[in-house]
Amino acid sequence: MAEAEKRTAENRVLVVGATGRFAGLVVPELRRRGATVRALVRDQSNIGAAREAGAQQVAVGDLRDRQSLDMALKGIDGVFHIGPAFAPDEAAIGIAMVDAAVRAGVRKFVFSSVIQPSNTRLKNHAAKIPVEDALYSSSLEYTVLHPANFMQNIHSAWPGIVESGVFAEPFPKTARLARVDYRDVAEVAAIALTEDRLAFATLELCAEGRHNRLEIAAMISAALGRPIDAGEISFHEWAAPARAIYTEQQLGLLAKVHEHYATVGLGGNSLALRAALEREPRTMQAFISALATNTRTRLDA
């Protein structure tokens, strides 16, 4: 058996956050490439969800517990790691996972970081720097992903957009943001974990174009066949549903991100994503069209 085929046949990947909105998209991409996926979940109640997501194996463990990490990584060839959003110890968690991967003899490590981590004005961005530093200083074959703002955030807001006829975010409607469909990020992660061509790469991942909310609202209007307005909303009102999940300190970090968007938007370039995928990245237009099609299908059912 050729060495590349052997690696694919034996490839076992631990996916952190496999039951989540984003890492959950990595699981099917890995399965499609023949990898065996082991999901890391925090408690027994998530085992069923991990298996429904496509994981063949499930490890119950705590990202903050060294022994459970060592157990979860036994026999693992690659790791996909995405840190808990806005957690105060996000950097320490990531470094601990890198150290555990080295101890376990893991070969590949993919870290879903953030676009522009060196923008230290944004503390949640800067929290990724120590994890990246740990990877760059390790023996692991790392691939560091720098995704832009996720299009999936629009998916989360979609029911409210359809109901109210307004697409509102807590920064000006003219602000231009680089965004990315996390399905493309997941595909890049899976390529990096099952092939060698993205080893030791640090990749900025963005779709083509930096659309403002006026343009996105126009796309939604055309896709739904009815007017959708681009609105503006206070951060306090916008963040109200998140108060059940995040602390005030964490929400403060998120508020700083939106202040940055209000001032300068978010830059980003699609070149690296196009090269990594070896195809055109998914577009905002296609993302919106798919959401609208799903909406019409439900209404017609």
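Everything quoted here is computed from the prediction, not taken from an experiment.

Q: Please explain the overall build of the chain as it appears in this structure.
A: Each helix and strand counted, the chain has 14 helices and 12 strands in total. C-alpha atoms of the chain, sized along the principal axes, occupy 55 × 40 × 40 Å. Buried residues in the chain amount to 49% of all 301 residues. Here the contacts in the chain between residues at least 6 apart in sequence split such that 75% fall between residues at least 24 apart. Roughly 13,800 Å² of accessible area belongs to the chain as shown, and the carbon and sulfur atoms make up 53% of that amount.

Q: So what exactly am I meant to see when it comes to empty space enclosed by the protein here?
A: Any empty space left between atoms is shown by rolling a water-sized probe over those atoms. If you walk through the whole model with that rule in mind, you get one cavity of 30 Å³ or more. In this structure, the largest cavity spans a volume of roughly 30 Å³. Taken together, Met151, Leu177, Arg179, Ala207, Glu208, Gly209, His211 and Met284 form the lining of the largest cavity.

Q: Help me understand the side chain of Thr143, please; the structure alone is not making it clear to me.
A: Its location among the elements puts Thr143 in strand 6 (residues 141-147). By relative accessible area, which is 1% here, Thr143 ends up buried. For Thr143, the residues in contact, after removing those within four places along its chain, are Phe109, Val110, Phe111, Ala192, Leu198, Ala199, Phe200, Ala201 and Leu203.

Q: How should I be thinking about the packing of aromatic side chains in this particular structure?
A: Two aromatic rings are characterised by how far apart their centres lie and by the angle between their planes. All told, the structure shown has eight aromatic pairs when counted by the stated rule. Plain terms: the ring middles of Phe171 and Tyr261 are 5.3 Å apart, the flat faces sit at 80° to each other, and that makes the pair edge-to-face. Of this pair, Phe171 sits in the loop between strand 8 (166-169) and strand 9 (177-180) while Tyr261 sits in helix 12 (residues 248-264), and the two are 90 residues apart along the sequence. Note on Phe235 and Trp238: the rings are 5.9 Å apart at their centroids and 35° apart in plane angle, and the pair reads as tilted. Of this pair, Phe235 and Trp238 both sit in helix 11 (residues 235-238), three residues apart, which is roughly one turn of that helix. Ring-pair connections join several aromatic residues into one group, and the members of that group are Phe22, Phe150 and Tyr182. The cationic tip of Arg213 hangs over the ring face of Phe171; the distance from NZ or CZ to the ring centre is 5.1 Å.

Q: Explain unusual backbone geometry here, please?
A: Comment: phi is negative for the bulk of residues other than glycine, and the bulk of peptide bonds are trans. Non-glycine residue Phe86 carries a positive phi angle of around 65°. Within the secondary structure, Phe86 sits in the loop between strand 4 (78-81) and helix 5 (90-104). Take Phe86: its relative accessible area is 13%, and that puts it in the buried class. A positive phi angle is found at Gln116, which is not glycine, with a value near 55°. By the secondary structure assignment, Gln116 is in the loop between strand 5 (108-112) and helix 6 (123-126).

Q: It is not clear to me how the layout of surface pockets should be interpreted in this structure. Could you clarify?
A: Here the second largest pocket defines a volume of roughly 210 Å³. Secondary structure elements with two or more residues in the lining of the second largest pocket: helix 8 (152-164) and helix 14 (284-300). Per-element accounting of the lining of the second largest pocket gives the leading share, four residues, to helix 14. For the lining of the second largest pocket, the residue count by class is five nonpolar, four polar and two charged.

Q: How should the sheet that holds strand 3 (residues 57-60) be read in this particular structure?
A: Hydrogen bonds along the backbone pair up the strands of a sheet, which may run parallel or antiparallel. Within the open sheet, the seven strands sit side by side as 3-2-1-4-5-6-10. Their pairing is parallel. Looking at the sheet topology across the chains shown, the edges are occupied by strand 3 and strand 10 (201-205). Within this sheet the neighbouring strands show an average axis-to-axis angle of 20°, counted without direction. Bridge analysis of strand 4 against strand 5 gives four bridges, and the strand direction is parallel. For Phe80, the partnering residue across the bridge sits in strand 5 and is Val110. The strands touched by helix 7 (residues 129-136) within the sheet are strand 5, strand 6 and strand 10, with strand 6 carrying the most contacts at an inclination of about 155°. Docked against the sheet, helix 9 (residues 182-194) engages strand 1 (12-16), strand 4, strand 5, strand 6 and strand 10, running at close to 165° with respect to strand 5.

Q: Can you help me understand the confidence of the model for the chain in this one?
A: Atomic detail in the predicted coordinates should be set aside for any region of low pLDDT. Looking at the chain, the pLDDT average stands at 94 and 95% of residues meet or exceed 70. Within the model, the stretch residues 1-9 combines pLDDT values under 50 with seven contacts to residues more than four positions away or in other chains.

Q: Can you help me understand the nonpolar core in this one?
A: In terms of nonpolar packing, the biggest core is built from 36 residues, with Val15, Leu30, Phe80, Leu145, Val188 and Leu203 touching the most fellow members. Of all the elements, helix 9 adds the most residues to this core, at nine residues. Not counting the four nearest positions on each side in its chain, Phe80 is found in contact with Val13, Leu14, Val15, Val16, Ala23, Val26, Val110, Ser112, Tyr182, Ala189 and Leu193. Counting residues in each nonpolar core, the second largest holds 24 residues, with Leu69, Ile76, Val98 and Val144 among its members.

Criteria and cut-off values
- Residues numbered from 1 in each chain as written.
- Predicted model: local features only at pLDDT ≥ 70, side-chain atom pairs only at ≥ 80, totals over all residues.
- Heavy atoms only, no water.
- Helix = DSSP H or I, 4+ residues; strand = E, 2+ residues; numbered from the N terminus.
- Buried < 20%, exposed > 50% of the residue type's maximum accessible area, 1.4 Å probe, protein only.
- Contact = heavy atoms within 4.5 Å.
- Areas by Shrake-Rupley, 256 points an atom, 1.4 Å probe, with all protein chains shown as cover.
- 1 Å grid on protein atoms, 1.4 Å probe; cavity = no way out; pocket = protein on both sides within 12 Å on 5 of 7 lines; lining within 4 Å.
- Points joined across faces, edges and corners; volume = space filled by probe spheres on them.
- Phe/Tyr/Trp six-rings, centres within 6.5 Å; stacked < 30°, edge-to-face > 60°.
- Lys NZ or Arg CZ within 6 Å of the ring centre and 35° of its normal.
- Nonpolar A, V, L, I, M, F, W, Y, C, P; charged D, E, K, R; others polar.
- Pairing = 2+ DSSP bridges.
- Axes fitted to C-alpha atoms, helices over the stretch in contact; angles between N-to-C directions.
- pLDDT = per-residue confidence, 0-100.
- Core = buried A, V, L, I, M, F, W, Y, C linked by side-chain atoms within 4.5 Å.

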